[in-house]
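Summary of structural features
For reference, the chains in residue letters:
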Amino acid sequence: QVQLVESGGGLVQPGGSLRLSCAASGFTFSTYSMSWYRQAPGKERELVASITTIAYTNYAESVKGRFTISRDNAKNTLNLQMNSLKPEDTAVYYCNAQGSLWPRNDYWGQGTQVTVSS
């Protein structure tokens, strides 16, 4: 079965760093565009960063220069290195996979909590 399992979340002080990982299985990882989304209570889910099948990356303006998304197709993993964390980064972070070709499936992980607080 398809699985996306996030890990690496936790509590960190402002200015600190965390590295999130997403372990994927049950589908052809290399043919999927991968993204990190986040959602805080009472707010809409927002795109944080994405990386395409050819490793082109895109970032939300709020995280540019601080976050780095990467993928390892050999290990079926997606990563998000988060540096210089701010309280407004506090949210549940979700891993998303979107197929590039038919049937263009869309998969989501269960999320991992990131809390940035002093």
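Keep in mind it's a predicted model, so treat the numbers as computed, not measured. (Residues numbered from 1 in each chain as written. Predicted model: local features only at pLDDT ≥ 70, side-chain atom pairs only at ≥ 80, totals over all residues. Heavy atoms only, no water.)

This paragraph deals with the nonpolar core. Soluble globular proteins: nonpolar side chains tend toward being buried together. Formed by 31 residues in total, the largest nonpolar core has its most connected members in L4, M34, W36, L80, M82 and Y93. Listed by contribution, the elements that provide at least two residues to this core are β3 (18–25), β4 (32–39), β5 (46–51), β7 (67–72), β8 (77–82), β9 (91–99) and β11 (112–116). With residues near it in sequence (within four places) discarded, Y93 still touches E6, L20, W36, Y37, R38, V48, F67, L80, M82, G111, T112 and V114. (Core = buried A, V, L, I, M, F, W, Y, C linked by side-chain atoms within 4.5 Å. Buried < 20%, exposed > 50% of the residue type's maximum accessible area, 1.4 Å probe, protein only. Helix = DSSP H or I, 4+ residues; strand = E, 2+ residues; numbered from the N terminus. Contact = heavy atoms within 4.5 Å.)

This paragraph deals with the environment of Q1. With respect to the helices and strands, the residue Q1 is situated in the segment before β1 (3–7). Its relative accessible area of 73% is what places Q1 among the exposed residues. Q1 sits 26 residues away from F27 along the chain, and the two C-alpha atoms are 8.2 Å apart.

On to the side chain of R66, then. Within the fold, R66 resides in the loop between β6 (57–59) and β7. At a separation of 3.0 Å, a polar atom in the side chain of R66 contacts the main-chain carbonyl oxygen of S84. A distance of 2.8 Å separates a polar atom in the side chain of R66 from a polar atom in the side chain of D89. (Polar contact = N/O pair within 3.5 Å; in protein donor to acceptor, adjacent residues only side chain to side chain.)

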